[in-house]
Amino acid sequence: ELPPSEFMQVADSTWLVLSVVSNGREPPGCQATGVTKIARSVIAPLAEHHVSVLMLSTYQTDFILVRERDLPVVIHTLAGEFDIYKEEGGECVPVTCDDVSNGFLKPKPPASPTLHPVQSPQTRFCVLTVAPDTLPAIATMLIDVLFYSHGPPWDAATSSQDLDSITFFSFSLIEGYISIVMDAETQKRFPSDLLLTSSTGELWRMVRIGGQPLGFDECGIVAQIAEPLAAADISAYYISTFNFDHALVPEEGIAEVIQLLQQRQESGT
């Protein structure tokens, strides 16, 4: 419904949303949440089969977006590990490899993925949710923060590897559930009794991936971050965008995360 505009770019692919629902059987000793919880079983296998993914972590759960044309590869890759269902008329219908085998070609082994630079600003972030019936009370503030309170566009020419701060605000509305990521200073502008977070009220630090726009075609970007964090049992929220990818990790673990990613950069794997 959006009118065509020279200022709006639309990717030529249609994307489908995958959500992973646990059956209660967790890997032994795995305490991490977020993207690292599905790194070994979903993210890594898809990267190995050259499937580009976009990640959207929310307060409630994690969503993986894959291009519609990659669905046969996705099904064949994950069918051995998961029971896969599709929604038809509001009902969940089982999917088998035979359902999507038409035109399936075994993908060629991907080339070694590009190791993108990572940056870690000092900004502290909160992951929050809002009860839908209280949304009108903060709607004006949300509009101001989303569209009017941000700074000038990030300029690659003036950036440095060590960012003091970063402007980042994420709002998602999925099936009536609201999820918000904002920095701790912005949170102070909202009524504290309307923003809900975990009982621990923990703060998060960000690792931003990419030195230039990443686009949507490259595969393995999420895996490069998620796999080492999963190996270290570190929780992470992950939000993919056209320009950069963003991983949010618990504040107390940021030093370990930076060390893990630097070691990965130095080893070139």
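- Going by an unreviewed UniProt entry, the protein chain carries the name Cytosolic arginine sensor for mTORC1 subunit 1 and comes from Dicaeum eximium.
- Note on the protein chain: under the UniProt heading Subcellular location (unreviewed entry), the record states "Cytoplasm, Cytosol".
- Taken directly from UniProt, the Subunit (unreviewed entry) text for the protein chain runs: "Forms homodimers and heterodimers with CASTOR2. Interacts with the GATOR2 complex which is composed of MIOS, SEC13, SEH1L, WDR24 and WDR59; the interaction is negatively regulated by arginine. Interacts with TM4SF5; the interaction is positively regulated by leucine and is negatively regulated by arginine."

## A short note on the overall build of the protein chain
Phase 1 of the analysis: In terms of helices and strands, the protein chain carries 6 helices and 12 strands.
Phase 2 of the analysis: Expressed as a percentage of the 269 residues in the protein chain, the buried residues total 40%.
Phase 3 of the analysis: Sequence separation of 24 or more characterises 76% of the internal contacts of the protein chain that already satisfy a separation of 6 or more.

## What about helix α5 (residues 221-231)?
Phase 1 of the analysis: The element α5 is extensively covered by neighbouring structure, given that 9 of its 11 residues are classed as buried.
Phase 2 of the analysis: Every buried residue of α5 is listed here: Ile 221, Val 222, Ala 223, Gln 224, Ile 225, Ala 226, Pro 228, Leu 229 and Ala 230.

## Description of the pattern of salt bridges
Phase 1 of the analysis: Tallied over the entire structure, the rule returns 5 salt bridges.
Phase 2 of the analysis: Lys 86 is the partner of Glu 88 in a salt bridge, and the nearest nitrogen-oxygen pair spans 3.1 Å.
Phase 3 of the analysis: One salt bridge in this structure joins Lys 188 and Glu 185, with 3.0 Å as the shortest N-O distance.
Phase 4 of the analysis: Here Lys 188 falls in the exposed class, since its relative accessible area comes to 63%.

## Here's the deal with the packing of α5 against helix α6 (residues 254-267)
Phase 1 of the analysis: Close contact between α5 and α6 brings their axes to 10 Å; oriented N to C, the two are set at 125°. Relative to α6, the element α5 is oriented oblique. The way α5 lies across α6 gives a crossing that is right-handed. Taken together, the residues of α6 that come into contact with α5 (itself represented by Ala 223, Gln 224, Ile 225, Glu 227, Pro 228 and Leu 229) are Val 257, Leu 260, Leu 261 and Arg 264.
Phase 2 of the analysis: Of the residues assigned to the contact of α5 with α6, the class counts are 7 nonpolar, 1 polar and 2 charged.

## Things to note about the packing of aromatic side chains
Each aromatic ring pair is specified by the distance between its two centres and by the angle formed by the two planes.
Phase 1 of the analysis: Within the structure shown, the criterion is met by 2 aromatic pairs.
Phase 2 of the analysis: When the ring of Phe 125 is compared with that of Phe 168, the centres are 6.0 Å apart and the planes differ by 85°; the resulting orientation is edge-to-face. Taken together, the residues Phe 125 in strand β7 (residues 124-128) and Phe 168 in the loop between α3 (135-147) and β8 (170-174) connect sequence positions 43 residues apart. Of the two residues examined, Phe 125 and Phe 168, each falls in the buried class.
Phase 3 of the analysis: Pairing Trp 204 with Tyr 237 gives two aromatic rings, centres 4.9 Å apart and planes at 80°, and the pair type is edge-to-face. Within this pair, whereas Trp 204 is found in strand β10 (residues 204-209), its partner Tyr 237 is found in strand β11 (residues 237-240), the two being separated by 33 residues in sequence.
Phase 4 of the analysis: Over the ring of Phe 244 we find Arg 208; its NZ or CZ atom is 4.2 Å from the centre of that ring.

## Regarding a nonpolar patch on the surface
Phase 1 of the analysis: A cluster of nonpolar side chains, Ile 143, Leu 146, Phe 147 and Tyr 148, forms an exposed patch at the surface whose accessible area comes to about 450 Å².
Phase 2 of the analysis: Among the secondary structure elements, Phe 147 is positioned in helix α3.
Phase 3 of the analysis: For Phe 147, a relative accessible area of 54% gives the class exposed.

## Section: the confidence of the model for the protein chain
Phase 1 of the analysis: Summarising the model, the protein chain shows a mean pLDDT of 83, and 84% of its residues fall at 70 or more.
Phase 2 of the analysis: The model gives residues 25-29 a pLDDT under 50, and that stretch makes 2 contacts with residues more than four places away or in other chains.
Phase 3 of the analysis: This model gives residues 154-162 a pLDDT under 50, and the stretch forms 8 contacts once residues within four places in sequence are excluded.

## Let's talk about the pairing of β7
Phase 1 of the analysis: Counting buried positions along β7 yields 4 of 5 residues, so the element is predominantly enclosed.
Phase 2 of the analysis: Strand direction decides the pairing type here: β7 and β10, joined by 2 bridges, are antiparallel. From the neighbouring strand, Phe 125 faces β10, where its bridge partner is Trp 204.
Phase 3 of the analysis: Here 4 bridges tie β7 to strand β9 (residues 177-183), and the two strands are oriented antiparallel to one another. Looking across to β9, one finds that Val 127 is bridged to Val 181.

## Re α3
Phase 1 of the analysis: With 13 residues, α3 extends 17 Å between its outermost C-alpha atoms, agreeing within 8% with the 18 Å of an ideal straight helix rising 1.5 Å per residue.
Phase 2 of the analysis: Along α3, the largest kink reaches about 35° and is centred on Met 141.
Phase 3 of the analysis: Within α3, the full set of buried residues consists of Ile 138, Leu 142 and Val 145.
Phase 4 of the analysis: The secondary structure elements touched by the buried residues of α3 are β8, β9 and α4 (184-187).

Scoring rules and cut-offs
Note on numbering: residues in each chain are counted from 1, in written sequence order. Totals for whole chains, interfaces and linings use every residue, but because this is a predicted model, local features are given only for residues with pLDDT of at least 70 and side-chain atom pairs only at 80 or more, for both listing and counting. Calculation of side-chain values draws on the structure's entire complement of heavy atoms; hydrogens and water are dropped beforehand. UniProt positions are given in the numbering used here, feature names are shortened, and annotations may be inferred rather than shown by experiment. Each helix is a run of H or I in the DSSP string that is no shorter than four residues. Each strand is a run of E no shorter than two, and both are numbered from the N terminus. For every residue, the accessible area obtained with a 1.4 Å probe (protein chains only) is divided by the maximum for its type, and the residue is called buried under 20%, exposed over 50%, and partly exposed between those limits. We call two residues in contact when some of their heavy atoms are within 4.5 Å. Any carboxyl oxygen of Asp or Glu within 4 Å of a side-chain nitrogen of Lys or Arg constitutes a salt bridge here. In this analysis, axes come from line fits to C-alpha atoms, helices being fitted only over the stretch in contact, and the angle between any two N-to-C directions falls in the range 0 to 180 degrees. Oblique is the label for any angle not under 35 degrees, not over 145, and not in the 65 to 115 range, which are roughly parallel, roughly antiparallel and roughly perpendicular in turn. Two helices cross in a left-handed way if the nearer one is turned anticlockwise from the farther one by less than a right angle. They cross in a right-handed way if the turn is clockwise. Nonpolar residues are Ala, Val, Leu, Ile, Met, Phe, Trp, Tyr, Cys and Pro. Charged residues are Asp, Glu, Lys and Arg, and all others, Gly as well, are polar. Two rings belonging to Phe, Tyr or Trp (six-membered ring only in the last case) form a pair when the distance between their centres is within 6.5 Å. Interplanar angles under 30 degrees mark stacking, angles over 60 mark edge-to-face geometry, and anything in between is tilted. Geometrically, a charge over a ring is one whose NZ (Lys) or CZ (Arg) sits within 6 Å of the ring centre while staying within 35 degrees of the ring normal. Within the patch definition used here, like charges are joined within 9 Å and nonpolar side chains (Val, Leu, Ile, Met, Phe, Trp, Tyr) within 5 Å, considering only residues with over 30% relative accessible area and no salt bridge. Throughout, the Shrake-Rupley method with a 1.4 Å probe supplies accessible areas, and for residues the shown protein chains are the sole cover considered. How sure the predictor is of each residue is captured by pLDDT, a score from 0 to 100. Two strands pair if DSSP finds at least two bridges between them. Multiply 1.5 Å by the residue count of a helix minus one, and that product is the helix's expected span. Bend is computed residue by residue as the angle between axes fitted to the seven residues ending at the residue and the seven residues starting at it.

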